[in-house]
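So you can see what is in the structure, the chains are spelled out below.
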Amino acid sequence: MSEFDQLVDGYRRFKSDAYVRQKARYDELASDGQAPPIMIISCSDSRVDPATVFDTTPGQVFALRNVASLVPPYEIGGGLHGVSAAIEFGVMGLEVRHIVVLGHAQCGGIKASLEGANLGHGGHSFIDGWVDIVRPARDKILASASDDPQHDLELDAIRVSLKNLRTFPFIAEREQSGQLKLHGAYFGIADGHLHILNDQTDEFEVQ
Ligand SMILES: [Zn+2]
């Protein structure tokens, strides 16, 4: 069976099991539309699926995934702002009440920031350009006596994305009025631990 056949096979299991069990939920979501209370920004990494890690139900989470779960700063100049468009729709269209930036261990995007993407195709690297978002944080870590720059940057990248979220005027306003809360989280993969950023101490705490 090919990898794609396995995928379609998975759909058939879903359709005859989870879909049937949640039919009423899907019917309600289809007729009333989605109103997820939470937006999660996570990495494209296949090991860090937010629906799996948080055991969510359909309609609960508006998800955005990209390389290293990064948020760029608010900017309206040229370019195709896919991340900003998703954030705009989540906050202003769906009026989510929480945004979670979920980073993770062994992140290839963070590794690319430290070492370059080095994919060997010789052309322009979109990854190198994208992870430039965390370059100041990376330079600071590399200039420090960090024992584990990869881990330190994985955590700092979450702090950078939260800071960048606050540069969007509609997010800053909603956070100030208490309509929106921002959260940082980190998934350990190997140990299965979830760490949540304490905004008082700016440190991650295992749950
Ligand atoms: Zn990653």
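Residues numbered from 1 in each chain as written. Predicted model: local features only at pLDDT ≥ 70, side-chain atom pairs only at ≥ 80, totals over all residues. Heavy atoms only, no water.

> How should I be thinking about empty space enclosed by the protein in this particular structure?
In this approach, a probe sized like a water molecule rolls over the atoms, and the result shows the empty space that is left. Evaluated as defined, the whole model comprises one cavity of 30 Å³ or more. Size it by volume and the largest cavity reaches roughly 50 Å³. Around the largest cavity, the lining residues are Ala-68, Ser-69, Val-101, Gly-103, His-104, Cys-107, Ile-110, Glu-154, Ala-157 and Ile-158. Breaking the lining of the largest cavity down by element, the ones donating at least two residues are strand 3 (98-104) and helix 9 (149-165). The residue makeup of the lining of the largest cavity, split by class, is six nonpolar, three polar and one charged. (1 Å grid on protein atoms, 1.4 Å probe; cavity = no way out; pocket = protein on both sides within 12 Å on 5 of 7 lines; lining within 4 Å. Points joined across faces, edges and corners; volume = space filled by probe spheres on them. Helix = DSSP H or I, 4+ residues; strand = E, 2+ residues; numbered from the N terminus. Nonpolar A, V, L, I, M, F, W, Y, C, P; charged D, E, K, R; others polar.)

> Teacher, can you tell me more about the packing of aromatic side chains here?
Geometrically, a pair of aromatic rings is defined through the distance of the ring centres and the angle of the planes. In this structure the tally under the stated criterion is seven aromatic pairs. Centroid distance Tyr-11 to Phe-14: 6.4 Å. Interplanar angle 45 degrees. Geometry classified as tilted. Pair noted here: Tyr-11 and Phe-14 are both in helix 1 (residues 3-16), with a separation of three residues, about one helical turn. We classify Tyr-11 as partly exposed; its relative accessible area is 45%. (Phe/Tyr/Trp six-rings, centres within 6.5 Å; stacked < 30°, edge-to-face > 60°. Buried < 20%, exposed > 50% of the residue type's maximum accessible area, 1.4 Å probe, protein only.)

> It is not clear to me how the coordination of the zinc ion should be interpreted in this structure. Could you clarify?
Around a metal, the idealised angle for a tetrahedral arrangement of four donor atoms is 109.5 degrees; for an octahedral arrangement of six donor atoms it is 90 or 180 degrees. The coordination sphere of the zinc ion, as far as protein atoms go, consists of Cys-43 (SG), His-104 (NE2) and Cys-107 (SG), spread over 2.0 to 2.3 Å. Between consecutive donor residues of the zinc ion, the sequence gaps follow C-x60-H-x2-C. With Cys-43 in strand 1 (residues 38-43) and His-104 in strand 3, this pair connects stretches of sequence that are 61 residues apart. Each of the two residues, Cys-43 as well as His-104, counts as buried. (Donors = N, O, S within 2.8 Å, 3.2 Å for Na, K, Ca; no water.)

> I'm lost on the sheet that holds strand 3 in this one. Help?
Sheet strands pair via backbone hydrogen bonds, and the direction of the pair is either parallel or antiparallel. Across the sheet, six strands lie side by side as 2-1-3-4-5-6; this open sheet has mixed pairing. Whereas interior strands pair on both sides, the edge strands pair on one side only; in this sheet they are strand 2 (61-66) and strand 6 (203-206). Recorded for the sheet is a direction-independent mean angle of 25 degrees between the axes of neighbouring strands. Relative to strand 3, strand 1 is paired through five bridges, and the arrangement is parallel. Residue Ile-41 lies in a different strand from strand 3, and its bridge partner there is Val-101. (Pairing = 2+ DSSP bridges. Axes fitted to C-alpha atoms, helices over the stretch in contact; angles between N-to-C directions.)

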